Each structure stands twice: as structure tokens, then as C-alpha cells.
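Summary of the model geometry
Given next are the chains, with one letter for each unit.
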Amino acid sequence: MPLLDHLNPEQLAAVTLPNQHALILAGAGSGKTRVLTTRIAWLVQTGNASPAGILAVTFTNKAAREMLTRISAMLPINTRGMWVGTFHGLCNRMLRAHHRDAGLPQLFQILDSADQLSVVKRVLKSMNVDEEKFQPKQVQWFINGAKEEGKRAGDVEVYDDFSRRMVEIYAAYDEQCRREGLADFPELLLRCFELLSRNEVLRTHYQSRFRHILVDEFQDTNRLQYRWLKLLAGQGNVIFGVGDDDQSIYRFRGANVGNMADFEREFKVENLIRLEQNYRSHGNILDAANALISHNRRRLGKNLWTAAGEGEPVRVYEAQSDGYEARWIAEEVQSLVREGYARSDIAVLYRSNAQSRVLEHALFTAGIAYRVYGGLRFFERQEVKHALAYLRLLANPDDDSAFLRVVNFPTRGIGARSVEQVQDAARGAGGSLWAAASSLTGKAGTAVGAFVKLVAAMRENARGLPLPEVVDHVLHASGLLDHYKTEREGTDRIENLEELVNAATAFVRDELPTGAALAAVDQAEAAAAPAAPAEAPDPWLAAFLAHAALESGENQAGEGADAVQLMTAHSAKGLEFHIVFISGLEEGLFPHEQSVTEEDGLEEERRLMYVAVTRARTRLYLSFAQTRLLHGQTRYNVASRFLDEIPAAVLKWLTPRGGKLFGDAAAWQPAPAPLRLAAKAERSGPGALPFRIGQNVNHPKFGVGVIVSAEGSGADARVQINFGRQGMKWLQLEYAKLTPA
DNA sequence: AATCCGTCTATTTTT
DNA sequence: TAGACGGATT
């Protein structure tokens, strides 16, 4: 079967497994997506499954899209009947189809994290809660955490006044969302889970439909997602899970690697296949990765190998400072480009976003085009959010969040007190702001009345128009375009607003089968759903709004440009590059200092490093700096322990190793102590200190460290030394047996 | 309604 | 150090 050509034995075994639960441990670069998509194609082609019997779930829209594209290339069928999408996308699809059973309005709106935060703030205000004690972010975190545990406010355990109040806030928040017809991200999951567990008819319907459930990135699932899968699997359906416990780097947002082991145990998985052949990296890079990850205790176990040669050694560079490190990277990039590498083949990775600054500066100075990942996405821009708020108000007048966002934007003389009046009236009547505003201003002439009339007119004029024209009408009628025309920096914003019309056009054209749009279609075919009401609101508008919330859009323009790629190690997951720089390999930074106090934190950092290392195809650079400016202070760091965990045999030090004079000594200059600290040390008297600030020293018990500061003189002389993982210590010079390292 | 100023904070992120 | 945010000012 041509479908199965060019698969290696393990991939082939995985693809052609019988209809039983399976867990595929897919190492980095082992052809995971290929196995997943070929498995689906194989199931359909052999008649083991019908397209409609397949549900495949991923974490990102990008991954879902990629899967659909590849399946379409392998199978000459319409992939429409297949449910391929993100957890949130699929839940949204199900909730739209059964909104009545789920207790949601047909046009419920989806809150992204920022929207959710503003609802939380609003609730806190209305409850007169001290925002110092109950910080909105923390409340949001609490609510989402509870939802991901499958708990409603009534299910959360209360152990003190604080948690009691927290639960009250949670309850009030959920009530507010219900009133406004809103669902936040975890709500989509939880609501869908509750729908299926409470409604036997629906559960049976979907259980008998999705005979094959395929899960991508199993290690990233949270508890609720796992339970959702279990529920859908029922007794007879088959789960095909693909994941890599060594690449689990999202525990901080609820991912639970333990789900893999639980799956294996609870489903009595007998088919466990390891994909260990790596098609991405050269041998030395894999050796480095394998050795590094072998320091983790809790693993399912896996060792990557490659048929490619060992390739180049892993290059290591020690810089005096973060600035020097960045400059060196820029120079190296320049010579690579001269060698013929495309800039886009090169990635510079770092642990935290703050590090991008120096790198950007160096690249900019060197005149190298670069692109930074992260930052504001298209649908998160304020002008786009404003436009979407008008659209939301058209679709659902009860959406107070949308109302508040645009009631006075562009400014139309509705001040805080007018808004408060409306809010009071709404509270009194138990209705929405929109309802209160319309009844309050029966006699027009007031500013609020004008706003109500404006939106009502917009709704009327938009009725029956195709989606892009609805968007276009709203942009004009709302005054958003005029507003940004008068603003100094408004040109970009206007472009984005015009882009929103394009997005709507593209949305209608492509019907993005990964999620939202199909909801409208499902509605008709949903077995258990009652007939749609005669005067259905524009399903396209609702679908587009869901799309905007679920898929926040490209990070930035310039996607395809030939530029060096700058990103965090987290964002690099799933990508690959010919050349990879991992910068800032210092204790406290990578591994991050906050991680050592967390349970299993260090192992997660190591997995993150493993992810970073395995992004490289042909060449990998590791670099660190002796000093780094952090929060406006110079920090003296020691090299990351991760460097020690990579076998010396695969490393090639470009600078003398560990400060000792190895190799090309001329290339290495001792770090000059920053002036401020040097002066402080000098105050203790000339000759008092046989050591220099910033110097590497050896301590018989604590090992190698860096002198960070000093005080006192003579017998009182003390030095502060950063021993990295041993921590920061003050040592009395007289007693401490320090030797230069 | 826009601007200024002081205060606070500072891992990682998708949906 | 710098950037974001909230409150007070103009």
C-alpha cells in the first residue's frame, strides 16, 4: 500500500495497529505527525473507520490545520465529516450544536484571557472586594484552576475565610458569565464535559459515532481534557495517543504528564510503541540531548538515534557579559549567512522574553533582519477588539463586556457616571446593560440614547448582509475608522481594521474546517438537537466571533521573511532549524531560579532544555555570560548545570572551558568588574582583597562560584559568592579556603 | 479626555 | 532598568 511506503518499522507498526488502545512514545523529530495522519488515512482506507467516525484532537490550531492538510493529501475524501481540531475548537463545535442542552444561548460568546480578566475585575468591583487581597490575576488563576479540575464553585473545598471568599467570587463570576452569555476557555471544556456526562442521549450518540479518538501531544493534556477523552471513549472506542513525556514543558498551565501513565494503566494499554529514530538532528546533537535528559528520574524511557552521521560538535561559548554574548551571536550569524545559510534557518532561543532585548539590539546594530516570536496577535490588538466588541453587541445585546468596551469608544460623551447609572439600573432590573440602557433612554437626546440608537441601527442595517459587509458596515458606522484617522499613530490601526474585513472574507471562503464554522452545519445534523428557531441570528457572525476568540491569529507580519528567528525555548517546541543558538545558559536563568523551589521544577527545566537542543538539525551553539543585567542590576552567574550534563566528547569549547586556559587562550579576556561594585571592593583598602569582583573561585565544599560583592577589610573582610545551585553565600575571607578557579 | 507621574513588578503560553 | 498600570491632574 503506497500509504505505508517509507515508514520505518516502528512507524509502520504504529500506523497499522489493530483497533486497540495505543500509546505512541514519539521522540523529538521521530515523525509523530506523520504517524498520526497516516494512521487516520490507513483506518479510513482499510475500512476500519469511516471519516465521520474519527475524532482527532490537538492543542494548537496550527497543528490541527497541519493534520488536515496532510490527511487531505493522502486521502481523496472530503475531510469535513472528520472532527479534527483543538480541544477548545471541538468543544465549541459540540456546544454550538447542543447549546440548549448545554444551557447556553445560541450565540454565546467566547472570552479570551484578557476578556476574562476584565469580567473578573468587574465582578470584584461589584462585590466591593479588596483588590489588594484578591488580585484579579490570582482570582482568574483560581477560577481556571478549579474549572480544569472539573469543579464548579459549589464543588470547591473551602478551608478558610480566604478560600470561602474566593469561592464566592467564583460563583459570582460564573453567574455574571451566564447572564451575559459568555464562556471562557476552560468553560468550553467543562461545559462540554458536563453536557456529555449528564445527557445520556448525547453521550451515547457521540460515543457510538467516534469509534477512533486520536490525541496529539498527550503529555500536554490537563486533568479535565483527560476526563473528557475518557468520557468520549466510553467502553468500546479506541484511543490512539501520541506524546513524549520528555517534552512535557507546560505543567505551569495545568498539563499533567501523569495522564500518559494513567492512560496506560486505566485503559490497560498493551500497544506501547516507541518512535526513537530521529530524522532531524545529527548524532552529536542527539547524544547531547540523550545525555541531558537521562538525568531526569521519572521517565517512560526513550533513546533517540539517527542514521545520519555524528555531524559537527556542539559549540560552547562563554562571554563576559550578556552584551558580549549577543554581539558574538550576531557576528556568528553574519558569518553563517556569508557561508550561505538563510537567516530563517537560524534560531536564537532563550529562557525568558526579557533576554530578547540585548539580542535584538545586537542584531539590529549588525544590520541583521530578525523576527521575534510572541507579543500581540492580530485578534488581540485593541482596535480589532473594539471592532469585535461592536460585532458581539450585534450578535448578543446582553454581552455587557462588549457594551462596556465600546459604549464610549470612540468617545461620545458617555462618562463614568452615565455608565454607572446604566449599571445601577441593570442591577435593579436584573437585566443586561443593553436592556437597561434602552429602557432608560426611551426619550432619546441623551448620549446613552444615541449609542443605543446607533447600535440598533447598525444591527438593522447589517441584517442579511454577507459577513464581510457586516464587518465593513460596523467599522464605518461605529466611527472606529474615523476615530483612528484622526489619531497620530492610527495608520497601522486602520490597516488592521481593514485586515479584519479581509479576515472575514477569508473566513467565509475557507470555512475553516478546524472548528467554529462547522458548528452552523452541525446544528442542522445534530441528532439530539431540537429544530433551529425560525428566525435564526446570523450563524456566520457567531462563527466568526468564535473563530476570532479561538484562533488569535498570526503573531506578527513578516512570517515568510528571511529573518533570524528569536523565541523562547517554549515557543520553539514543534519547530526545527538548521542552526540553533541557545543563549543564557546560566544557573538561575536556565534552569530558572524559580524552578528549583517547585516540585519537579528542575526536571521540567531539563525537559525544556531537551526541547531546545532537539530543535537543531545540523549545528547547535550553547552560550552563557558571566554577568548579566537583570532588573537593572548586574548579576554574576555560573554556567548552567546543563552544560555539565552533556558529555564533554560532543562539546567543542570556543572559549577556554570553565575559565581555565583551555584551547585558544587569546580569545578569552577576564571580565572587568563593573565600576560600581569594583569601587565598593576598593573601599576595603588596597590589597585587602586578593580577589576581584566577578572572579571565579573554588571552595572546598561548595565548588566553583563567582564573587559577587565584598565588604569589610582585614580580618573582617567578607565576600559574597554565587555558587549557583548551592546558592548565594557570605564567606569570611579569613576562614574560607578560597582558591582562584 | 488626554497626559503626567509615581508605584510596582519582573518564567514559561495556548485556547 | 524599563514597562505597565492606576490615580490624579490639567
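Note: the structure precedes this text.
Below, the structure is looked at part by part. Predicted model, so just to flag it, every value in this text is computed and none were measured.

Rules used in this analysis
- Residues numbered from 1 in each chain as written.
- Chains lettered and ligands numbered in written order.
- Predicted model: local features only at pLDDT ≥ 70, side-chain atom pairs only at ≥ 80, totals over all residues.
- Heavy atoms only, no water.
- Near = heavy atom within 4 Å.
- Polar contact = N/O pair within 3.5 Å; in protein donor to acceptor, adjacent residues only side chain to side chain.
- Nonpolar A, V, L, I, M, F, W, Y, C, P; charged D, E, K, R; others polar.
- Phe/Tyr/Trp six-rings, centres within 6.5 Å; stacked < 30°, edge-to-face > 60°.
- Helix = DSSP H or I, 4+ residues; strand = E, 2+ residues; numbered from the N terminus.
- Buried < 20%, exposed > 50% of the residue type's maximum accessible area, 1.4 Å probe, protein only.
- Axes fitted to C-alpha atoms, helices over the stretch in contact; angles between N-to-C directions.
- Parallel < 35°, antiparallel > 145°, perpendicular 65-115°, else oblique.
- Left-handed = near helix turned anticlockwise from the far one by under 90°.
- Contact = heavy atoms within 4.5 Å.
- Pairing = 2+ DSSP bridges.

Moving on to the protein's contact with DNA strand B. Every one of the 25 residues lining DNA strand B counts as a neighbour, but Ser113, Arg351, Asn353, Thr568 and Glu598 are closest to it. Of all atoms in DNA strand B that approach within 4 Å of the protein, 55% are sugar or phosphate atoms. In the model, a base oxygen of DNA strand B is placed 2.3 Å from a nitrogen or oxygen of the arginine 351 side chain. Threonine 568 places a polar side-chain atom, nitrogen or oxygen, 2.8 Å from a phosphate oxygen of DNA strand B.

Surveying the vicinity of DNA strand C reveals the residues Lys121, Arg357, His631 and Gly632. Within 4 Å of the protein, the contacting atoms of DNA strand C are 58% sugar and phosphate, with bases supplying the remainder. Side-chain polar atom of arginine 357 to a phosphate oxygen of DNA strand C: 2.6 Å apart, as the coordinates give it. Residue classes in the surface near DNA strand C are distributed as no nonpolar, two polar and two charged.

The full count for this structure, using the stated rule, is 22 aromatic pairs. Pairing tryptophan 83 with tyrosine 206 gives two aromatic rings, centres 5.8 Å apart and planes at 55°, and the pair type is tilted. Residue tryptophan 83 is found in strand S3 (residues 83–86), and its partner tyrosine 206 is found in helix H10 (residues 200–209); the two are separated by 123 residues along the sequence. Given a relative accessible area of 1%, tryptophan 83 falls into the buried group. Among the residues examined, tyrosine 206 registers a relative accessible area of 3% and is labelled buried. An angle of 55° between the planes, with centres 5.1 Å apart, marks the rings of phenylalanine 263 and phenylalanine 267 as tilted.

Turning our attention to the packing of helix H7 (residues 136–148) against helix H9 (residues 185–198). Where H7 contacts H9, the axes come no closer than 9 Å and their chain directions differ by 25°. Taken as axis vectors, H7 and H9 run roughly parallel relative to one another. Crossing angle aside, the handedness with which H7 passes H9 is left-handed. Residue-level inspection shows Asn144, Lys147 and Glu148 of H7 in contact with H9, the latter providing Pro186, Glu187 and Leu190.

Let's shift gears to the sheet that holds strand S6 (residues 212–215). Strand order in the open sheet made by the six strands is S3-S2-S6-S7-S1-S8, with parallel pairing throughout. Edge positions in the open sheet fall to S3 and strand S8 (271–275), since each of these has one partner strand only. Strand-to-strand, the axes of this sheet are offset by a mean angle of 15°, without reference to chain direction. When S6 meets strand S7 (residues 238–243), the two strands line up parallel, connected through four bridges. Bridge pairing in S7 links valine 215 to glycine 241. Contacting strand S2 (54–58) and S3, helix H3 (residues 61–74) runs over the sheet at an angle of about 155° to S3. Packed on one face of the sheet, helix H4 (residues 87–97) meets S2, S3 and S6 and runs near 120° to S3.

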